[in-house]
Amino acid sequence: MSLLPYINSIGEIVDGTYFQLIPFCKKNCSSVKCKNYYDELKNVDSGAYCCPYGLSSYVYTSLEGKIIFTGLKIKGIYDKKKSKITASQEYVYNPVIDESSCSSIAHEISNSLCEKRDLEAKLEAIRDLLHETRSLNGQIKNSIDLLWETNFDEDNIDYDTLVETLKNAHVSSFMISNRFSYFDSILNPSLSSVSTYPAVVFKKFDKMRKLLKGYMRKKVWIKIDSPIQSDYRYNIYPTFETLLFIILENAIKYSPNNTPVEVLFEENNNLLDVTIKSIGPYCEENEILHLCDKGFRSENAKKAQETGQGFGLNFAKKICCAHNIDLSFNSVFLHKDHGVKYGTFYVHMHFDNKTNDY
């Protein structure tokens, strides 16, 4: 709630809980004259300004952007004569206020709005976490229940069946761990709260290759191609494995049956470039720019698979930023099948360990 009237994210004027909006403003806020005025305020410095009808607006710049408070009477700013047109017979509490007082109130309102957005984001993250972990825990339970129900003698359980059940449980457990890591990033945006440790990047990818072998029973496999035995080391946080899991699991999920996900290594002294290449829904050029936006999924990805929340690559980007890893994408059109465009999808990761001390 805001004590002062303000313009929300969709351009609507929200009435204040203490200073009330004059009926004239409610009626005319969508007029061309007012819209042009508010568009101009988006590009000005913080401070008080006089509107075309003599009333005042106060622009406050917060860490998350500008907030425009309007429909006010700021002393020394509003034009008493010009504002007569806004007078109303209806009683409205909208007294004259000093600019310094307006600034103090705006500061407190800004803090409250930021806290509200943070709380909403955390509540949304909690809802997502509960939904996903319940679903994944159910998958673990079902796979183990099936193992017991089809094998009455635990001493004679088929080895391959046991390994497959174990791997399915491991993957689901890893996904649950990912969800908690993502939730932690919402509660505490600083992913670098723990110490880094040196690791061989190739070995981390190979671990994910083994973990995801046979994933989703799609006969999609991960193929790692490195011209030399790569011993490239990089300082990582524990979230690094989550990063690799997100990217590779995403590639397998969208890949057609009987196709590989290729991981290409190119090492040059302090530099390492890793490219993950797979077949999947084609991503338009303008969509590439939004792949890491929370909740975003390309149109062809939504057509290919209805399920998906679009937060995986958003989290992957956060992890890359914490590790100083450049992350980029590309998609090359191949063909169209049942109304869905498919292409070769590339994920490129660029490492530079020259700041690491080995």
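Refer to the structure printed above.
Keep in mind the model is a prediction, meaning the values are calculated, not measured.

Membership of the largest hydrophobic core comes to 58 residues, with the highest contact counts inside it found for Phe205, Leu243, Ile276, Met349 and Phe351. The element that contributes the greatest number of residues to this core is helix H6 (residues 240-254), accounting for nine residues. The residues contacting Phe205, other than those within four sequence positions of it, are Ile224, Leu244, Leu248, Val263, Phe265, Val274, Ile276 and Met349.

A few words now on empty space enclosed by the protein. A full pass over the atoms with the stated rule returns two cavities of 30 Å³ or more. Cys25, Cys34, Tyr38, Cys51 and Tyr53 are, among the 15 residues lining the largest cavity, the residues nearest its centre. Contributing elements (two or more residues each) for the lining of the largest cavity: helix H1 (23-28), helix H2 (32-41), strand S4 (56-62) and strand S5 (65-74). For the lining of the largest cavity, a count of residues per class yields nine nonpolar, six polar and no charged. Of the volumes computed, that of the second largest cavity is approximately 60 Å³. Forming the boundary of the second largest cavity are Ala125, Asp128, Leu129, Glu132, Arg179, Tyr182, Phe183 and Phe311. Going through the elements one at a time, helix H3 (99-150) and helix H4 (159-187) are the ones with two or more residues in the lining of the second largest cavity.

Aromatic rings considered in pairs are described by the distance between their centres and by the relative angle of their planes. Evaluation of the coordinates by the stated rule reveals 13 aromatic pairs. Ring plane angle 70° and centroid distance 5.4 Å describe the contact between Tyr18 and Phe19, whose orientation is recorded as edge-to-face. The partly exposed category is assigned to Tyr18, whose relative accessible area is 44%. Relative to Phe351, the ring of Tyr232 lies with its centre 6.4 Å away and its plane at 70°, an arrangement referred to as edge-to-face. Taken as a pair, Tyr232 in the loop between strand S8 (221-225) and strand S9 (233-236) and Phe351 in strand S13 (residues 340-352) lie far apart in primary sequence, 119 residues in all. Phe351 shares its class with Tyr232; the two are buried.

For the rest of this paragraph, the subject is the layout of surface pockets. Its boundaries defined by the atoms lining it, the second largest pocket holds a volume of some 640 Å³. Of all the elements in the fold, those that place two or more residues in the lining of the second largest pocket are strand S1 (6-7), H2, S5 and H3. Across the lining of the second largest pocket, the residue classes tally to nine nonpolar, six polar and nine charged.

Take H4 next. Helix length check: H4, at 29 residues, gives a terminal C-alpha distance of 42 Å against a target of 42 Å (1.5 Å per residue), a fit within 8%. Of the residues that open H4, the one with a side-chain oxygen 3.3 Å from the backbone nitrogen of Asp160 is Asp158.

Once that is clear, we can look at helix H9 (residues 312-323). Over its twelve residues, H9 extends 17 Å from the first C-alpha to the last, a length consistent with the 16 Å expected when each residue adds 1.5 Å. Considered for burial, the residues of H9 that qualify are Leu313, Asn314, Phe315, Ala316, Ile319, Cys320 and His323.

Right, let's get into unusual backbone geometry. Its identity is not glycine, yet Asn258 carries a phi of approximately 65°, on the positive side. On the secondary structure map, Asn258 appears in the loop between H6 and strand S10 (260-268). The phi angle at Asn324 is positive, at roughly 55°, despite the residue not being glycine. Structurally, Asn324 is set in the loop between H9 and strand S12 (326-337).

This part covers the pattern of salt bridges. Within this structure, the stated rule accounts for ten salt bridges. Of the charged contacts, one joins Lys26 and Asp15 as a salt bridge, the two residues approaching to 3.7 Å between their closest N and O atoms. With a gap of eleven residues between them, Lys26 in helix H1 and Asp15 in the loop between strand S2 (13-14) and H1 connect regions that are remote in the sequence. Taken together, the shared-partner salt bridges in this structure form one network comprising Lys204, Lys207 and Glu241.

In the case of a regular strand, side chains alternate between the two sheet surfaces. In the sheet, S12 pairs with S13 via eleven bridges, with the strands oriented antiparallel. Counted as the bridge partner of Asp337 is Val340 from S13. Taking the residues between adjacent antiparallel strands as the criterion, S12 and S13 are bridged by two residues, where His338 takes a positive phi near 50°.

Turning our attention to the packing of H4 against helix H5 (residues 201-211). Closest axis-to-axis distance for the H4/H5 pair is 10 Å, and the angle between their directions is 125°. As far as their axial angle goes, H5 and H4 are oblique. Residues Lys167, His170, Val171 and Phe174 of H4 lie in contact with H5, whose contacting residues are Met208, Lys210 and Leu211. Grouping the amino acids of the contact of H4 with H5 by side-chain chemistry returns four nonpolar, one polar and two charged.

Okay, the environment of Met175 next. Note on placement: Met175 falls in helix H4. You can call Met175 buried: its relative accessible area is 10%. Residues Met175 and Leu136, 39 residues apart in the sequence, show an inter-C-alpha distance of 7.6 Å. Residues within four places of Met175 in sequence aside, it is in contact with Leu136, Tyr215, Phe245 and Glu249.

Tracing the backbone shows Lys204 in helix H5. Using a relative accessible area of 15% as the deciding quantity, one classes Lys204 as buried. Among the polar contacts made by the side chain of Lys204, one reaches the side chain of Glu241 at a distance of 2.9 Å. When neighbours within four sequence positions are excluded, Lys204 is seen to be in contact with Tyr197, Ala199, Ile236, Phe240, Glu241 and Leu244.

Reading the values: rules and limits
Residues numbered from 1 in each chain as written. Predicted model: local features only at pLDDT ≥ 70, side-chain atom pairs only at ≥ 80, totals over all residues. Heavy atoms only, no water. Core = buried A, V, L, I, M, F, W, Y, C linked by side-chain atoms within 4.5 Å. Buried < 20%, exposed > 50% of the residue type's maximum accessible area, 1.4 Å probe, protein only. Helix = DSSP H or I, 4+ residues; strand = E, 2+ residues; numbered from the N terminus. Contact = heavy atoms within 4.5 Å. 1 Å grid on protein atoms, 1.4 Å probe; cavity = no way out; pocket = protein on both sides within 12 Å on 5 of 7 lines; lining within 4 Å. Points joined across faces, edges and corners; volume = space filled by probe spheres on them. Nonpolar A, V, L, I, M, F, W, Y, C, P; charged D, E, K, R; others polar. Phe/Tyr/Trp six-rings, centres within 6.5 Å; stacked < 30°, edge-to-face > 60°. Expected span 1.5 Å × (residues − 1). Polar contact = N/O pair within 3.5 Å; in protein donor to acceptor, adjacent residues only side chain to side chain. Salt bridge = Lys/Arg side-chain N within 4 Å of Asp/Glu carboxyl O. Pairing = 2+ DSSP bridges. Axes fitted to C-alpha atoms, helices over the stretch in contact; angles between N-to-C directions. Parallel < 35°, antiparallel > 145°, perpendicular 65-115°, else oblique.

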